[in-house]
Amino acid sequence: MATQTGILLEPPGVEDGAAVWRIARDSRALDLNSSYSYLLWFRDFAATSVVARGDGGEPVGFTTGYVRPERPRTLVVWQIAVEERQRGRGLAAAMLDHLAARLRPRGVRYLETTVTPANTASNRLFTVFARRHGAALGREVLFDGGLFPDGHEPEVLYRIGPLP
């Protein structure tokens, strides 16, 4: 699927792992996973993830997600990031909308993610997503900061749905 700005949205392949790792690293907002984890993710969870490709076909954004085994109607969005030069164009929102539409035939009706209190961009992204889809939005602390060994902020669970 192509967006209004000519960006192609599609499932990722393992060949996208290195570029996506660099986007995550350069975001300065995400917890950076190992480069190996992105290869595994795109091998095992490509159907529930999306990569945004620019004019040259290189990834300029990505969303990683998975369907919760205990809640098969729930997509968990693990990470979402857009290259700095592509920000402000609605690409993150387009990726979320694309995933929701792609997973609807599989019965997915809820979206979960976690956001730290200081991440105002993600807070806004998921709040507006819920509003745009006419879905309820609930928030609660999922992991208190004290559970992390490195002074990490709490992770607030956003539960959005049901999606239409």
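Residues numbered from 1 in each chain as written. Predicted model: local features only at pLDDT ≥ 70, side-chain atom pairs only at ≥ 80, totals over all residues. Heavy atoms only, no water.

Looking at an unreviewed UniProt entry, one finds the chain named L-2,4-diaminobutyric acid acetyltransferase, with Streptomyces glaucosporus as its source organism. Word for word, the UniProt comment on the chain under Pathway (unreviewed entry) is "Amine and polyamine biosynthesis; ectoine biosynthesis; L-ectoine from L-aspartate 4-semialdehyde: step 2/3." Taken verbatim from the UniProt record of the chain, the Sequence similarities (unreviewed entry) comment is "Belongs to the acetyltransferase family. EctA subfamily." (UniProt positions renumbered as here; feature names shortened; annotations may be inferred.)

Okay, the packing of aromatic side chains next. Evaluation of the coordinates by the stated rule reveals 6 aromatic pairs. On the basis of an interplanar angle of 25° and a centroid distance of 6.2 Å, the ring pair of Trp41 and Trp78 is categorised as stacked. Here the residue Trp41 occupies a position in helix α2 (residues 35-44), and Trp78 occupies one in strand β4 (residues 71-82), the gap between them amounting to 37 residues. The class of Trp41 is buried, set by a relative accessible area of 16%. Given a relative accessible area of 46%, Trp78 falls into the partly exposed group. Plain terms: the ring middles of Phe45 and Tyr66 are 6.2 Å apart, the flat faces sit at 50° to each other, and that makes the pair tilted. Taken together, the positions of Phe45 in the loop between α2 and β2 (50-53) and Tyr66 in strand β3 (residues 59-68) put the pair 21 residues apart, joining distant regions of the chain. Given a relative accessible area of 33%, Phe45 falls into the partly exposed group. On the basis of relative accessibility, which here comes to 24%, the residue Tyr66 falls in the partly exposed class. One aromatic cluster is present, built from ring pairs that chain together Trp41, Phe45, Tyr66 and Trp78. (Phe/Tyr/Trp six-rings, centres within 6.5 Å; stacked < 30°, edge-to-face > 60°. Helix = DSSP H or I, 4+ residues; strand = E, 2+ residues; numbered from the N terminus. Buried < 20%, exposed > 50% of the residue type's maximum accessible area, 1.4 Å probe, protein only.)

Looking at chain direction, β3 and β4 are connected through 8 bridges and run antiparallel. Counterpart to Val67 in the pairing with β4 is Leu75. For β4 and strand β5 (residues 110-115), the ladder comprises 4 bridges, and the chain directions are parallel. In the sheet register, Val77 faces β5, and the bridge partner there is Thr113. Crossover connection from β4 via helix α3 (residues 91-103) to parallel β5: handedness right-handed. (Pairing = 2+ DSSP bridges. Right-handed = clockwise from strand over helix to strand, strands pointing away.)

Here we come to the nonpolar core. Note on soluble globular proteins: their nonpolar side chains tend to be buried together. Among the nonpolar cores identified, the biggest contains 31 residues, and Leu9, Leu96, Leu111, Phe126 and Ile160 are the most heavily contacted of them. Taken together, the elements giving at least two residues each to this core come down to β2, β3, β4, α3, β5, α4 (120-132) and β7 (155-160). Formed by 9 residues, the second largest nonpolar core is a distinct cluster that contains Val20, Ile23, Phe42 and Phe62. (Core = buried A, V, L, I, M, F, W, Y, C linked by side-chain atoms within 4.5 Å.)

Per the stated rule, a full pass over the model turns up 11 salt bridges. Across the pair Asp26 and Arg25 runs a salt bridge, and its minimum N-O distance is 2.8 Å. By relative accessible area, Arg25 is classed as partly exposed at 38%. Among the salt bridges present, the one from Glu70 reaches Arg68, with a minimum N-O distance of 3.9 Å. The class of Arg68 is partly exposed, set by a relative accessible area of 23%. (Salt bridge = Lys/Arg side-chain N within 4 Å of Asp/Glu carboxyl O.)

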